[in-house]
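Residue-level listing of the chains:
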Amino acid sequence: MNKRTGTTLAAVTAAAIALGSAGCSGDQQPAGGKNPAAVHEGEAIGGTPQKGGTLTVLSNQDFTHLDPARSWVMNDMDFGTRLLYRTLVTYKAAPGKQGSQLTPDLATDLGTPSADARTWTFHLKPGVKYEDGSPVTAQDVKYNVERSFSPDLPGGADYAARYLAGAEGYRGPAEGKHLDSVRTPDDRTIVFALRKPFAEFPYATVMPTFAPVPQAQDKGPQYDNRPFSSGPYKIESYARGKKLVLVRNEHWSPATDDVRKAYPDRLVVVMGLKANQIDDRLTASRGADASAVSWGALRPESGAKVLPDAEVRKRLIAESTNCTDMVQMHTGRAPFDDVRVRRAVQYALDRDAVLTASGGPAFNDLSTAYMPASLFGGKQPDTLGIPVTGDAEKAKQLLREAGKPDGLATRMTVSTGDKGRAEAIQQSLAEAGIKVTIETVDPSAFYATIGDTGNRTDLVYTGWCPDYPSGSTFLPFVFDGRFIKEKGNSGNHSLFRDDATMKRMDEIAAMTDTGEAARAWQQLDGEILAKAPAVPVLVRRWPLVLGSNIAGAYGHTSFGGQLDYATAGLKDPAKSRD
């Protein structure tokens, strides 16, 4: 899935030195023992919440999408599926490795496959209701799967498009057309027919695509403003870019839900704040801010205040995002249709400078492969062996070979939160004669901008997160050219179309031995890296400073380290207000 859209850092270096850590020349672990940012890794902090009160979320942006058919950005998915709507299957509400385990949600179990894993059957739990008291039905899940194909609802997870039989060319239910490969024999049974075996299909049903939407409630693109709740909360009010208020869905029953604890009475998301103000307010944790959390990660600059302060570090969680940041190059047009130019960018990029701009080794690890270390058994290989500070002379040589002895000029689109990282990239590429003009976009509009393939820049700085622990959720989504869209394109922002790569992806997908498939994905990662459609840069942590009244809080490993809203609440609800 898409990583979150998240600045430069110089001051945090002083904090790192004060704590005995070092971040030079690609040293990926702070020296002297435990990473100070990761003291609470794999654990919840704040004790058990009490029921009631208002949990406030401070944000510098609006949601990208709340419509479950369109939600495929990490923090939107976390917020939506933990609070507003339920999916057939979900992840356990637990810190650490337990959070990667599947558990039934709307469904009674994790699904029943046919012998060849091409047909999957799910039965819905009885008693699950929407916010108006009407029952959730299998037909509602089918309808949302179908509407995810609609051209006017771009941006969502495309597992249905990739795996459902007969889905080619389908454009949604607007004209009364439906998918024969999704059957609902009764109100509580849904059956999916796949075009090829897919043993990992239960993981796909965690996606918001597999949440229910009643057809009578659907308002097309406007559904983004007011999704109909099947979760523990419903929307009381939503002023785009300003404020969202959630209140309890009185028809949600904990008897049907083993995952969501629904501790707060209300959740209020306050938008349009300055990122530095959010960091300062949560670090101080005064008044109502003691009952607040941040939507976005701690800015690298703020690490200088947080890491040396032992009391504030008690309220810091910083799980790995498990997402690889990349510079993706438009391989479909000049000059980046030439692999020599793309390799020049690989060599010119000073990843160590980007590491520093991202907060140093306390908050990041350098990347030497596309897939994160978790998909390589814990450590990424370094198949190219490019110095972490880059090799400008080698880059210049490659540009000369490509007929670009005087270098080139290009543009790069980044989220406003990544501007500092982009400036580090800009400076290092300039050393090799590649002049980069940076174009920043508001985080809520970032993916729509770079997903417009006909009007985007040559370079984009973005990333990808595996939806579950398999290479099948990474390389095909980032480098399979058969699923590139004109609008709402996701993942493959290098627009990479390589027949040999796609053929090998199909061969690996057909493997029945999971160990063999894992090794094959790892090998393919290096083969694609040699073709240079993108440059892997970083795997970040997602540092969050919590208000001092927050309890039951941890970064969920399957949501990229984002706060798990299923269990977060308040120590003393009486101290909260909004």
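Thresholds, definitions, all that
- Residues numbered from 1 in each chain as written.
- Predicted model: local features only at pLDDT ≥ 70, side-chain atom pairs only at ≥ 80, totals over all residues.
- Heavy atoms only, no water.
- Helix = DSSP H or I, 4+ residues; strand = E, 2+ residues; numbered from the N terminus.
- Rg over C-alpha atoms; globule rule 2.2 N^0.38 Å.
- Buried < 20%, exposed > 50% of the residue type's maximum accessible area, 1.4 Å probe, protein only.
- Areas by Shrake-Rupley, 256 points an atom, 1.4 Å probe, with all protein chains shown as cover.
- Pairing = 2+ DSSP bridges.
- Axes fitted to C-alpha atoms, helices over the stretch in contact; angles between N-to-C directions.
- Expected span 1.5 Å × (residues − 1).
- Arc of directions from axis to C-beta.
- Contact = heavy atoms within 4.5 Å.
- Phe/Tyr/Trp six-rings, centres within 6.5 Å; stacked < 30°, edge-to-face > 60°.
- Lys NZ or Arg CZ within 6 Å of the ring centre and 35° of its normal.
- Disulfide = S-S within 2.5 Å.
- 1 Å grid on protein atoms, 1.4 Å probe; cavity = no way out; pocket = protein on both sides within 12 Å on 5 of 7 lines; lining within 4 Å.
- Points joined across faces, edges and corners; volume = space filled by probe spheres on them.
- Nonpolar A, V, L, I, M, F, W, Y, C, P; charged D, E, K, R; others polar.
- Right-handed = clockwise from strand over helix to strand, strands pointing away.
- UniProt positions renumbered as here; feature names shortened; annotations may be inferred.
- Parallel < 35°, antiparallel > 145°, perpendicular 65-115°, else oblique.
- Core = buried A, V, L, I, M, F, W, Y, C linked by side-chain atoms within 4.5 Å.

(A) Main features of the overall build of the protein chain. Helix and strand counts for the protein chain stand at 16 helices and 19 strands. Relative to its length of 578 residues, the protein chain is compact, with a C-alpha radius of gyration of 23 Å against a globular reference of 25 Å. Overall, the protein chain is about 65 × 55 × 40 Å in size when its C-alpha atoms are taken along their principal axes. Expressed as a percentage of its 578 residues, the buried residues of the protein chain come to 60%. Of the roughly 20800 Å² of accessible surface on the protein chain, 49% is carried by carbon and sulfur atoms.

(B) Representation of the sheet that holds strand S9 (residues 243-248) in the model. Pairing within the open sheet is mixed, and its five strands lie in the order S8-S9-S10-S1-S11. Pairing within the sheet leaves two strands with one partner each, and these edge strands are strand S8 (233-239) and strand S11 (292-294). In this sheet, adjacent strand axes meet at a mean angle of 20 degrees when their direction is disregarded. One ladder, built from three bridges, connects strand S1 (residues 54-58) with S11; its direction is parallel.

(C) Broad picture of helix H12 (residues 419-430). With 12 residues, H12 should reach 16 Å at 1.5 Å per residue; the first-to-last C-alpha distance of 16 Å fits that figure. Listed in full, the buried residues belonging to H12 are Gly-420, Arg-421, Ala-422, Ala-424, Ile-425, Ser-428 and Leu-429.

(D) Representation of helix H6 (residues 275-284) in the model. Restricting attention to buried positions, one finds in H6 the residues Ile-278, Asp-279, Leu-282 and Thr-283. Seen from one end, H6 has its buried residues packed into an arc of 125 degrees, which puts them on one side. In this structure, the buried residues of H6 make contact with S1, S11, helix H7 (303-306), helix H8 (310-313) and strand S17 (534-545). Ser-285 sits one or two residues past H6 and shows a positive phi near 55 degrees.

(E) Molecular detail of the packing of aromatic side chains. The full count for this structure, using the stated rule, is 27 aromatic pairs. Between Phe-63 and Trp-295 the ring centres are 5.1 Å apart and the planes differ by 80 degrees, which places this aromatic pair in the edge-to-face class. Taken as a pair, Phe-63 in the loop between S1 and helix H2 (74-84) and Trp-295 in the loop between S11 and H7 lie far apart in primary sequence, 232 residues in all. Here Phe-63 matches Trp-295 in class, with each residue buried. Plain terms: the ring middles of Tyr-159 and Phe-477 are 4.8 Å apart, the flat faces sit at 50 degrees to each other, and that makes the pair tilted. Taken together, the residues span a long stretch of sequence, with Tyr-159 in helix H4 (residues 159-163) and Phe-477 in helix H14 (residues 475-479) at a distance of 318 residues. Each member of the pair, Tyr-159 together with Phe-477, is buried. The structure contains a cluster of three or more aromatic residues connected by ring pairs, namely Trp-72, Trp-120, Phe-122, Tyr-159, Tyr-163, Phe-192, Phe-198, Phe-201, Phe-210, Trp-464 and Phe-477. Cation over ring: Arg-162 sits above Phe-477, and NZ or CZ is 4.0 Å from the ring centre.

(F) Geometry of the side chain of Asn-492. Considering the arrangement of structural elements, one finds Asn-492 in the loop between H14 and helix H15 (499-509). By relative accessible area, which is 2% here, Asn-492 ends up buried. If sequence neighbours within four positions are ignored, Asn-492 has contacts with Gln-328, Phe-477, Val-478, Phe-479, Asp-480, Gly-481 and Ile-484.

(G) Spotlight on the state of the cysteines. Counted according to the given criterion, the structure contains one disulfide. One disulfide bridge connects Cys-323 with Cys-465, the sulfur atoms lying 2.0 Å from each other. The sign of the S-S torsion, about 105 degrees, decides the handedness of the disulfide formed by Cys-323 and Cys-465: right-handed. With Cys-323 in strand S12 (residues 316-329) and Cys-465 in the loop between strand S16 (459-464) and H14, this residue pair connects regions lying 142 residues apart in the sequence. The exposure class assigned to Cys-323 is buried, which follows from its relative accessible area of 2%.

(H) A look at empty space enclosed by the protein. In this model, the largest cavity occupies a volume close to 130 Å³. Residue composition of the lining of the largest cavity, by class: six nonpolar, five polar and two charged.

(I) Here's a closer look at the pairing of strand S15 (residues 434-441). Summarising the sheet, strand S14 (residues 408-415) and S15 pair through eight bridges and their orientation is parallel. Residue Ala-409 lies in a different strand from S15, and its bridge partner there is Lys-435. Regarding topology, H12 serves as the crossover connection from S14 to the parallel S15, and that connection is right-handed.

(J) Structural detail: the UniProt feature "domain: Solute-binding protein family" (unreviewed entry) in the protein chain. Per the UniProt annotation, the sites labelled "domain: Solute-binding protein family" (unreviewed entry) are residues 102-480. Taken as a whole, residues 102-480 contains 23% helix and 21% strand, while its terminal C-alpha atoms sit 27 Å from one another.

(K) Broad picture of the packing of helix H9 (residues 339-348) against helix H11 (residues 392-401). Following both chains from N to C, one finds H9 and H11 inclined at 170 degrees, their axes separated by 8 Å at the closest point. One finds that H9 runs roughly antiparallel with respect to H11. Facing H9, whose interface residues are Arg-340, Val-341, Arg-343, Ala-344, Tyr-347 and Ala-348, H11 presents Ala-392, Lys-394, Ala-395, Leu-398, Leu-399 and Glu-401. Of the residues in the contact of H9 with H11, the class split is eight nonpolar, no polar and four charged.

(L) Inspection of the packing of H15 against helix H16 (residues 514-531) at higher detail. For the pair H15 and H16, the least separation of the axes is 10 Å and the interaxial angle reads 170 degrees. Judged on the interaxial angle alone, H16 and H15 are roughly antiparallel. In this structure, H15 contributes Ala-500, Thr-501, Arg-504, Met-505, Ile-508 and Ala-509 to the contact, and H16 contributes Ala-517, Ala-520, Trp-521, Leu-524, Ile-528 and Lys-531. Of the residues assigned to the contact of H15 with H16, the class counts are nine nonpolar, one polar and two charged.

(M) The arrangement of the nonpolar core in detail. Counting residues in hydrophobic clusters, the biggest one holds 68 residues, and the most contacted among them are Leu-88, Phe-192 and Leu-475. Ranked by residues supplied to this core, first place goes to H16 with six residues. Here Leu-88 is in contact with Pro-104, Asp-105, Leu-106, Ala-107, Phe-122, Leu-124, Val-141, Ile-190, Phe-192, Thr-205 and Phe-210, once residues within four sequence places are set aside. Ranked by size, the runner-up nonpolar core spans 33 residues in total, among them Ala-344, Val-354, Met-412 and Val-535.

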